[in-house]
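Residue strings, one per chain:
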Amino acid sequence: MNFTWNGEAFEGEFNYGNLTVSGDETKGFRPFQLMVSSIAVCSASVLRQVLEKQRMTVTELSVDADVTRDESKANRISAIALHYTIKGEELNADKVEKAVKVAAKNCPMAQTVEGVVELTETFEIV
């Protein structure tokens, strides 16, 4: 990956489009937003795969991420609470709970911040 300063933000060019990153959210995505997005989407993607391997059909899946930052430590991310909303067929709450735990252990982005960022996950079946 390569990012170049354009005078207002850094830009990276990828096969599927450009990514603009800036500390000013009016100029591009803020770095913490990208980090949280990576963890949330990776976790949700792994969860979907685990649910489907357990023969539970997922028709809709969304994830909300609530972020806590620590101003006393350079405003670092100290906690992320992920909440999955899942709709599908054959969804058993006990099996979904186990799938959430398996997914957390198998998401590379979540594992990257393990021990540094408190990550909690909840879900609801709709």
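The following refers to the structure shown. Values in this document were obtained by computation on a predicted structure and should not be read as measured data.

Calculation criteria
- Counting from 1, residues in each chain are numbered in the order their sequence is written.
- The predicted nature of this model means local features are confined to residues of pLDDT at least 70 and side-chain atom pairs, given and counted, to a pLDDT of 80 or more, with totals for whole chains, interfaces and linings taken over all residues.
- Excluding hydrogens and water, the side-chain figures rest on all heavy atoms present in the structure.
- In this analysis, strands are considered paired if DSSP registers two or more bridges between them.
- Only DSSP runs of H or I reaching four residues or more are called helices, and only runs of E reaching two or more are called strands; each is numbered from the N terminus.
- By this rule, a helix spans an expected 1.5 Å times one less than how many residues it contains.
- Here the term buried applies to any residue with accessible area under 20% of the maximum for its type, exposed to any over 50%, and partly exposed to those in between, with areas from a 1.4 Å probe on protein chains only.
- The directions from the helix axis to the C-beta atoms are what the arc is built from.
- Note on contacts: a residue pair qualifies if any of its non-hydrogen atoms lie within 4.5 Å across the two residues.
- Helix axes use the C-alpha atoms of the stretch in contact, all axes being lines fitted to C-alpha atoms, and the angles between their N-to-C directions lie in the range 0 to 180 degrees.
- Only buried Ala, Val, Leu, Ile, Met, Phe, Trp, Tyr and Cys residues count toward a nonpolar core, and they belong to the same one when joined by side-chain atoms within 4.5 Å.
- Two N or O atoms form a polar contact when they lie within 3.5 Å of each other; inside protein one atom must be a possible hydrogen donor and the other a possible acceptor, and for residues adjacent in sequence the pair counts only when both atoms belong to side chains.
- Excluding any residue in a salt bridge, patches collect residues exceeding 30% relative accessible area, merging like charges within 9 Å and nonpolar Val, Leu, Ile, Met, Phe, Trp and Tyr side chains within 5 Å.
- Values of accessible area rely on a 1.4 Å probe in the Shrake-Rupley scheme; residue burial ignores everything except the protein chains shown.
- Here, a salt bridge means any Lys or Arg side-chain nitrogen found within 4 Å of an Asp or Glu carboxyl oxygen.

Alignment of strand β1 (residues 3-5) against strand β2 (residues 10-14), held across three bridges, turns out to be antiparallel. Looking at the pairing, Thr-4 lines up with Glu-11 of β2. Hairpin remark: β1 followed by β2, antiparallel, with four residues in the connecting loop; positive phi at Gly-7, about 100 degrees. Sheet analysis places β2 next to strand β3 (residues 17-21), joined by five bridges and oriented antiparallel. Its bridge partner lying in β3, Phe-10 is registered against Val-21. Here β2 hands over to β3 after two residues, the two strands then running antiparallel side by side.

Turning our attention to helix α2 (residues 93-106). The end-to-end C-alpha distance of α2, which contains 14 residues, comes to 20 Å, matching closely the 20 Å that a straight helix rising 1.5 Å per residue would cover. For α2, every residue scored as buried is listed here: Val-96, Ala-99, Val-100, Ala-103 and Ala-104. Each buried residue of α2 sits inside an arc of 140 degrees when the element is viewed along its axis, so together they form one side. Within α2, the exposed residues directed more than 90 degrees away from the buried face are Asp-94, Lys-98, Lys-101 and Lys-105. For α2, the elements touching its buried residues are α1 (31-53), β5 (76-89), α3 (108-112) and β6 (118-125).

If you trace the three strands from one edge of the open sheet to the other, you get β1-β2-β3, paired in antiparallel fashion. The two strands at the open ends of the sheet, each matched to only one other strand, are β1 and β3. The mean angle between the axes of side-by-side strands here comes to 30 degrees, regardless of whether they run parallel or antiparallel.

Right, let's get into the nonpolar core. Counting 25 residues, the largest nonpolar core has Val-46, Leu-47, Leu-51, Ile-80, Tyr-84, Ile-86 and Val-96 as the members making the most contacts within it. When residues of this core are traced back to their parent elements, those giving at least two are α1, β5 and α2. It is α1 that contributes the most residues to this core, nine residues altogether.

With respect to the helices, strands and loops of the structure, Ser-72 is situated in the loop between β4 (57-70) and β5. Residue classification places Ser-72 among the exposed residues on the basis of a relative accessible area of 64%. Taking the C-alpha atoms as reference points, Ser-72 and Glu-52, 20 residues apart in sequence, are found 42 Å from one another. Within the local environment of Ser-72, its side chain forms a polar contact with the side chain of Asp-70, the two groups lying 2.6 Å apart.

It is worth spelling out a nonpolar patch on the surface at this point. Residues Met-1, Phe-3, Trp-5 and Phe-10 make up a contiguous nonpolar surface patch of roughly 510 Å² in combined accessible area. With respect to the element layout, Trp-5 can be found in strand β1.

Our focus in this paragraph is the environment of Phe-123. Along the chain, Phe-123 falls in strand β6. Assessed through its relative accessible area of 25%, Phe-123 is described here as partly exposed. Put simply, Phe-123 and Gln-49 are 74 residues apart on the chain and 16 Å apart in space, counted from C-alpha to C-alpha. Ignoring any residue separated from it by four or fewer positions in sequence, one finds Phe-123 in contact with His-83, Tyr-84, Ile-86, Ala-93, Val-96, Glu-97 and Val-100.

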